[in-house]
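What follows is each chain in one-letter form.
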Amino acid sequence: MINAVNFTKKDEINSMSSTPLQKVTGETVHVLGAALTERPDEQTGEAKKVGILVTEEFGTLSTISGTAIKSLDMIIDYMTDLSGDPETADEKVLVNIKSAKSNSGRDFITLEIV
């Protein structure tokens, strides 16, 4: 595990059959937990970063999108900070999952805290 918050062994197991993040673009989700990990690429065997969100609405979602993984790393830190402060420990973390196109026409996913 590279970075994680509110992420259990059960979540890790469920992430093996998770929904790809790009299937829920346009949605706002309540994030219950999240993790960044590395898994072997099925074709090359090379270690690849994977971002995982545990959500109230869709269960476990995952992504290999570099842009989404960068945002997710900061969201994990944000959630860790919230959980360490008694005044914000129960605050819901809502995240918009967006899809955009780069100047070169490539689709990418962004995550935005609401």
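Quick note: structure is the one above.
Note that this is a predicted model, so its numbers are computed, not measured. (Residues numbered from 1 in each chain as written. Predicted model: local features only at pLDDT ≥ 70, side-chain atom pairs only at ≥ 80, totals over all residues. Heavy atoms only, no water.)

Honestly, the overall build of the protein chain in this entry has me stumped. Any pointers?
In terms of helices and strands, the protein chain carries two helices and seven strands. Its helices and strands in sequence order give the protein chain the pattern β-α-β-β-β-β-α-β-β, from N to C terminus. A globule of 114 residues ought to have a C-alpha radius of gyration of about 13 Å, and the protein chain, at 14 Å, matches this closely. Expressed along its principal axes, the backbone C-alpha trace of the protein chain runs to roughly 45 × 30 × 20 Å. (Helix = DSSP H or I, 4+ residues; strand = E, 2+ residues; numbered from the N terminus. Rg over C-alpha atoms; globule rule 2.2 N^0.38 Å.)

Would you explain the pattern of salt bridges in this entry?
Proximity of charged atoms lets side chains of opposite charge pair with each other. This structure, assessed with the given rule, holds four salt bridges. Between D41 and K48 there is a salt bridge, with its nearest N and O atoms 3.3 Å apart. (Salt bridge = Lys/Arg side-chain N within 4 Å of Asp/Glu carboxyl O.)

In this structure, what is going on with the nonpolar core? I would like to understand it.
Generally speaking, nonpolar side chains in soluble globular proteins are found buried as a group. If you look at the biggest cluster of nonpolar residues, it comprises 21 residues, and the most contacted ones within it are L21, V31, L72, V95, I97 and L111. Examining the composition of this core, we find that seven residues originate from one element, helix α2 (residues 66-83), more than from any other. In terms of nonpolar packing, the next biggest core, distinct from the first, is built from five residues, F7, A35, V50 and V54 among them. (Core = buried A, V, L, I, M, F, W, Y, C linked by side-chain atoms within 4.5 Å. Buried < 20%, exposed > 50% of the residue type's maximum accessible area, 1.4 Å probe, protein only.)

I tried to follow the pairing of strand β5 (residues 59-63) on my own but got confused; where do I start?
In summary, the side chains of a regular strand alternate between the two faces of the sheet. Counting buried positions over the five residues of β5 gives four, a clear majority of the element. Here strand β2 (residues 19-20) pairs with β5 via two bridges, running parallel. Bridge assignment links T19 to a residue of β5, and that residue is L61. Following strand β4 (residues 47-55), the chain reverses through three residues before pairing antiparallel with β5. (Pairing = 2+ DSSP bridges.)

Hey, could you run me through the layout of surface pockets in this one?
A water-sized probe rolled over the atoms picks out the places where empty space is left. Of the pockets and cavities examined, the largest pocket occupies roughly 570 Å³. Lining the largest pocket are 18 residues; nearest its centre among them are R39, E42, V50, S62 and I64. Sorting the residues of the lining of the largest pocket by element identifies β2, β3 (28-40), β4 and β5 as the ones contributing at least two each. Partitioned by chemical class, the residues of the lining of the largest pocket number six nonpolar, eight polar and four charged. (1 Å grid on protein atoms, 1.4 Å probe; cavity = no way out; pocket = protein on both sides within 12 Å on 5 of 7 lines; lining within 4 Å. Points joined across faces, edges and corners; volume = space filled by probe spheres on them. Nonpolar A, V, L, I, M, F, W, Y, C, P; charged D, E, K, R; others polar.)

Looking at this model, I keep getting lost on the pairing of β3. Mind explaining?
The pairing of strand β1 (residues 3-5) with β3 spans three bridges and is antiparallel. Across the sheet, the residue bridging to N3 is L36, located in β3. Bridge count for β3 against strand β6 (residues 93-101) is four bridges, and the pairing is antiparallel. Opposite T28, over in β6, you have N96 as the bridge partner.

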